[in-house]
Protein chains: 2
Amino acid sequence: MTFEPDGKTVSGSPRTLLDFALLGNVALRGECGGVGICGKCKVQIVKLYGTINGPTEKEKKHLSEKEIEEGYRLACQAKIDEGKATVYIPPESRTGKREISSAGLDEYIEPDSSVKKINSVLKKTTFEDIRTDYDRLCGKLSCSSKTEVSLKILEKLPELLRKSDWNVTAAICKNRIISLEKGDTCDKIFGIAVDIGSSKVICHLVNLITGETVERANSENPQVMFGEDIVSRITYASKEPENLKKLQRLVIDTINSLIDTVCKNGGVLHENIYELVFVGNSVMHHLFLGITPKYIGVAPFIPAVGNLISFQAKELGVNINEEGFITAVPLIGGFIGSDAVANLLITKIYETDEVSLVIDIGTNTEILLGNSKGIMACSTPSGPSFEGAHISSGMKAVSGAIESVKIEENDVTFTTIDNAKPKGICGSGIIDLVACMYNAGIITRTGKFKDKSNPRIKEGEKSPEYIIAEGKYTENGKDITITEKDINEFLLAKGSIRSGWKILHEKYGIDPMNVDKVYLAGSFGTHVNIENAITLGIIPGIDRKNIVFAGETAVGGAKIALKSLFERDKLEKILKEVEYIELSVESSFSSQYLKSIPITGA
Amino acid sequence: MTFEPDGKTVSGSPRTLLDFALLGNVALRGECGGVGICGKCKVQIVKLYGTINGPTEKEKKHLSEKEIEEGYRLACQAKIDEGKATVYIPPESRTGKREISSAGLDEYIEPDSSVKKINSVLKKTTFEDIRTDYDRLCGKLSCSSKTEVSLKILEKLPELLRKSDWNVTAAICKNRIISLEKGDTCDKIFGIAVDIGSSKVICHLVNLITGETVERANSENPQVMFGEDIVSRITYASKEPENLKKLQRLVIDTINSLIDTVCKNGGVLHENIYELVFVGNSVMHHLFLGITPKYIGVAPFIPAVGNLISFQAKELGVNINEEGFITAVPLIGGFIGSDAVANLLITKIYETDEVSLVIDIGTNTEILLGNSKGIMACSTPSGPSFEGAHISSGMKAVSGAIESVKIEENDVTFTTIDNAKPKGICGSGIIDLVACMYNAGIITRTGKFKDKSNPRIKEGEKSPEYIIAEGKYTENGKDITITEKDINEFLLAKGSIRSGWKILHEKYGIDPMNVDKVYLAGSFGTHVNIENAITLGIIPGIDRKNIVFAGETAVGGAKIALKSLFERDKLEKILKEVEYIELSVESSFSSQYLKSIPITGA
């Protein structure tokens, strides 16, 4: 049983889908205890191999006919007798924070990891064969004389060979024996993919033989204690070497604890994890490596290193096999980190003749445009308004945030994360809100209130405010509102994104409406209402079927690099050809920016 | 001013040779305070470029006419006005332990070390050139994209580049940037050569640009606390892992303290030492690396590893540049360690068509035979009698040991180390003694006393004893004597050596008298009286001019491997072709051994 969008797979023989969800600790609501009364455990059967009971009477009370037609069920009522199913949990049925899947885009990679294992039973020593233990091993492994080996392995070599009755398995990575294990352990090769986000660290445990994702875990990036945004972390880290060490320690500890979790849940030993591949923006990348991000923060924004680099995990104290490696996915530039490179790996826009646009919205929005013949990249400082900051009622996409909005006849309806009482509005909600306000004629294209006598517009402390949710419905009893200043802040951000891809298209020589595909990458993109995003001009309005949600691209990209040396090598070659466009030195930037701010901007 | 046999060079402008010796801390006697009265500071001028005063009246009192003719002087009287000289200090003029030189055999190597330095002034960052710091560096160093770099260097890269105004020097070793230094430090590339002997650790600091040996230091191997001989160290180390760690720690600490000494005396920074190359017998090699020597101690005597291996110095905590390397010269087998391989490097018998025999006498005697067409090697357990053990009056070659003996008309004359009152007899003395006793008809070819009524033969506690030094002349007032049992012990040892090279010659298909050269390697060989060694059959009696003292081969060989990658690579190729002969499984060994024991044995 696979639950989307988390991609969590649960096996066993429970009776109902809700039982499966409970067994697998899947974030599915079920407030009546599974007796079919609350109707909160609504799910959609996406794929089914096997047999399932028909809708019960209880379900018919909670589901519309159209929903039943579309495969919606109450998880507590639906019973799979045998077989497999993929079940989609709609946002309103989820508990906890919003989680998104990588849309499985990394799953189609042929495993070809950097670590290979060879089991061999060596010949015992005799006077006729007096080769050293190590030569005996190398002879059997058919490794070249240039194969390197660590001192740690040589130290345990003589006793290990004799205690295992000369039957050992060697793990070889980058022409180096990195592990030597008793008996045959060829079926145990695992890796870790990590996305070091500035607010969240995501860790996936991958079986490098099958390519399967065994376990997932994530937690907040504790560096937020020293600054929510990247700039304040750069400032803090640059102040003293001790600060840099502190931020580094925090993220290493977080990763170690996530590794503990996925190992425990997956029943995998730390020593059977031989490589960790990570992505992150340039600053997260540097902080993890213990390199000052100071010069990423000042013009011309230069990272210390951006290549694909590998080093021993023990150099950072990351808790995998003691001779295992950590590999950094390359950066493109100071503001286009390896999280954006992960978008390349996931979308593979370099493999097709179709021209694709990839947009990853965040405080900085990374934009890629191109195809197999060439790729351009830029980054644009879209500011934190998409994360709810600098907006009077703004908040992060956590429980209680208004995440989608509809306005019909000046009647505002909305959904919140976890269906909790609204506390504020997050980025996806703001996009819907502004687009709907424009469509409903409440605001002008420059974001000004058209008619201040609108019953939902009240005089706020400093200026007029449009009421999204009245105080009687909200968590703290106060109105959730939006001001002209908020809308302006948001339009500046979207103007920045729009001018980024506009200039890229101009330099590439293609009309935005002529691109073959638009990918919305990253966790934010997944929750955006496409029509509203097009209305606002955040993305080009091409044929909707060619607009793709790429999902949790960052960790997915890390997994591709982890699983496949072939893809990793290909990436390195492609990155050499990626053309980085520094928008701030483009002569057309300011005029394009100004044109991009209004809602129906150019 | 170079003083031999230590090879110590002293510069400056003192007045007398004794002043030079004092300045350079050279072990030269001078008991009257340099006023020409004691006559103990006798030295021989070997080479002279410049002018020197003629012999003074005081010198004429202490030196014979023949000595003056041969260039002997009293160091306190001889004054070099200007120029250079090489001065030989004869054994009787030395203080302290016997020291031997490497006969300079390593000095003719073209420096071609594993470490290269490149200084470059990088272009500063601009919006037009936004390459990362690392790409900027690599571009300037013209190193390939596959050049590796440690995280430690990346950590300091951004600040270092900017603080040094973009002028830096990189040290590159094995396709890896191992050091990055402010400004131009291309003239500072140093290495350390170490001979880890079971009783003495020798450390030379080498300038890897000029090839010159900058400083030398040595100290006792403190592992002797846990067993004088190799076997007891194997036993101790095999008992518990903690013991192995303890022995390892001792030798690492010793090496670190020797490095401190040579750095201080040579005015060289630890961080400018980028490689340490060491030799040692297989057990010393394993103990230093922290690998159990247990299986070298039991048949079929297999080391864990014998290849040329390199690893980072910090893995062992050896105090050179933090990213510097330690390289182990390869072993040939359990009983032919890298100290014996050093003999190959020094004698280069693999480079000529002449067939050479190399003998390195010790508790185990390593023997090499061959030429450019092929080399055979064996080791023979000659026992500790050459080191004075198992001989009733035997002692090590330290102050007070009888080191040479002459017998004329039953009158025994001898010299002792440091000219001290005799305390016992060391290996070189025993060789002289037994040969002379045989030549004088005192013993038979099987080492039995011929005529027990000889006035120097007295009835000892258990058996008759031949008096070497009467009690009135000795340190403790007791006679220094030798028994038939002592002589037998010695003959067994020399029989073992002789049978080793006899079998090697047999298998190689050459008559021992037809070899072109015989090298006596190692510290013991240097002090042997060749005529007496031939009389006893320890070495073949070929033309004396073809018998060569190879000197302090072990550290010399390490220096060749340190200074030259070319020689190192050549060595690896040659070692693959060296044929190891395990004597104990040779069918002819026992009969050859029995024949080799008597003095004029076959």
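Given the structure is predicted, the values throughout are model-derived calculations rather than measurements. As a convention, each chain's residues are numbered from 1 in the sequence order in which they are written. Each chain is given a letter, starting from A, and each ligand a number, starting from 1, according to the order in which they appear as written. Residues qualify for local features only when their pLDDT is at least 70, as the model is predicted, and side-chain atom pairs are given and counted only at 80 or more; totals for whole chains, interfaces and linings, by contrast, use all residues.

## Examining the overall build of chain A
- Segments assigned H or I by DSSP are reported as helices when at least four residues long, segments assigned E as strands when at least two residues long, and all are numbered from the N terminus. Across its full length, chain A holds 16 helices and 27 strands.
- Note that the radius of gyration is over C-alpha atoms, with the globule rule given as 2.2 Å times the number of residues to the power 0.38. Here the C-alpha atoms of chain A give a radius of gyration of 27 Å, agreeing with the 25 Å that 2.2 N^0.38 yields for 602 residues.
- Overall, the C-alpha framework of chain A stretches about 100 × 65 × 50 Å when taken along its three principal axes.

## Examining the pairing of strand S17 (residues 364-371) of chain A
Residue and element names in this part refer to chain A.
- Here a residue counts as buried when 20 or more other C-beta atoms fall within 10 Å of its C-beta, as exposed when 12 or fewer do, and as partly exposed in between; the C-beta atoms come from the backbone. Buried residues dominate S17, accounting for 7 of its 8 residues.
- Two strands form a pair only when DSSP identifies at least two bridges running between them. Across 5 bridges, strand S16 (residues 356-360) lies against S17 in antiparallel orientation. Within S17, the residue paired with Val 358 across the bridge is Leu 368.
- In this structure, the hairpin formed by S16 and S17 is closed by a connection of 3 residues.
- Summarising the sheet, S17 and strand S18 (residues 374-381) pair through 8 bridges and their orientation is antiparallel. Each residue of the ladder has a partner; that of Ile 367, found in S18, is Cys 378.
- Between S17 and S18, which pair antiparallel one after the other, the connecting turn spans 2 residues.

## Some words on the sheet that holds strand S6 (residues 115-121) of chain B
Residues and elements named next belong to chain B.
- Taken together, 4 strands build an open sheet; the order of strands is S6-S8-S9-S7 and the sheet is mixed. One side of each edge strand has no neighbouring strand; the edge strands of this open sheet are S6 and strand S7 (148-149).
- The pairing of strand S8 (residues 167-173) with strand S9 (residues 176-182) spans 6 bridges and is antiparallel. Residue pairing for S9: Cys 173 is matched across the bridge by Arg 176.
- Here, residues touch in the contact sense if the C-beta positions derived from the backbone fall within 7 Å of one another. Angles here are taken between N-to-C directions and fall from 0 to 180 degrees, while the axes themselves are lines fitted to C-alpha atoms, restricted in helices to the stretch in contact. Lying on the sheet, helix H5 (residues 151-163) is in contact with S7, S8 and S9; it crosses S9 at an angle near 30°.

## Brief notes about the domain arrangement of chain A
Residues and elements named next belong to chain A.
- Segmentation into domains, and thus their bounds, comes from an automatic or database assignment. Taken domain by domain, chain A holds domain 1 (2-93), domain 2 (115-182), domain 3 (191-328), domain 4 (338-383 + 491-596) and domain 5 (402-483).
- Taking only C-alpha atoms into account, the centre of domain 2 sits 32 Å from that of domain 3.
- Every element with two or more residues in the side of domain 2 that touches domain 3 is listed here: helix H5 (151-163), strand S8 (167-173) and strand S9 (176-182).

## Focus on the packing of helix H11 (residues 484-508) of chain A against helix H16 (residues 589-596) of chain A
Residues and elements named next belong to chain A.
- Closest axis-to-axis distance for the H11/H16 pair is 8 Å, and the angle between their directions is 125°. In terms of their interaxial angle, H11 and H16 are classed as oblique. You can see that H11 and H16 cross each other, and the crossing is right-handed. Of the residues in H16, those in contact with Gly 495, Ser 496, Arg 498, Ser 499, Lys 502 and Ile 503 of H11 are Phe 589, Gln 592, Tyr 593 and Ser 596. For classification purposes, an angle smaller than 35 degrees is called roughly parallel, one larger than 145 roughly antiparallel, one from 65 to 115 roughly perpendicular, and anything else oblique. Note: crossing handedness is left-handed where the near helix turns anticlockwise from the far helix by less than a right angle, and right-handed where it turns clockwise.

## Details of the relation of the copies chain B and chain A
- In screw terms, the move from chain B to chain A is a rotation of 180° and a rise of 0.1 Å along the axis, fitting with an RMSD of 0.2 Å. Taken together, the rotation and translation relating the two chain copies correspond to the operation of a two-fold axis. Nearest to the rotation axis, the C-alpha of B:Glu315 is located 5.7 Å from it, this being the minimum over chain B.
- A share of 100% of interface residues in chain B that are also interface residues in chain A marks the association as one of identical surfaces. Here the copies were fitted onto each other by least squares, based on C-alpha atoms from residues at pLDDT of at least 70 in both.

## Some words on the interface of chain B and chain A
- Between chain B and chain A, the residue contacts involve 33 residues of the former and 33 residues of the latter.
- Every element with two or more residues in the side of chain B that touches chain A is listed here: helix H4 (133-141) and H5 of chain B.
- Ranked by residues supplied to the side of chain B that touches chain A, first place goes to H5(B) with 6 residues.
- Charged residues are taken to be Asp, Glu, Lys and Arg, nonpolar residues to be Ala, Val, Leu, Ile, Met, Phe, Trp, Tyr, Cys and Pro, and polar residues to be all remaining types, Gly included. Of the residues that constitute the side of chain B that touches chain A, the class distribution is 18 nonpolar, 9 polar and 6 charged.

## Topic: the sheet that holds strand S11 (residues 200-207) of chain A
Residues and elements named next belong to chain A.
- If you walk across this open sheet you meet the 6 strands as S12-S11-S10-S13-S15-S14, and the pairing is mixed. Pairing within the sheet leaves two strands with one partner each, and these edge strands are strand S12 (213-220) and strand S14 (309-312). Adjacent strand axes in the sheet meet at a mean angle of 20° when their direction is disregarded.
- Bridging between strand S13 (residues 273-280) and strand S15 (residues 325-328) involves 4 bridges; their strand directions are parallel. Bridge assignment links Val 277 to a residue of S15, and that residue is Thr 327.
- Its contacts with the sheet put helix H8 (residues 282-289) on strand S10 (190-196), S13 and S15, and the angle it makes with S13 is roughly 140°.

## Brief notes about unusual backbone geometry
All names here are of chain A.
- A cis amide bond links Ala 299 to the next residue, Pro 300, at an omega of 0°.
- Counting through the fold element by element, Pro 300 comes out in the loop between H8 and S14.
- Of note in this structure, Asn 175 is not a glycine but carries a positive phi near 60°.
- The phi dihedral of Lys 348 is positive, around 50°, even though this residue is not glycine.
- In this structure Lys 348 comes out as partly exposed when scored by C-beta crowding, with 17 C-beta atoms within 10 Å.

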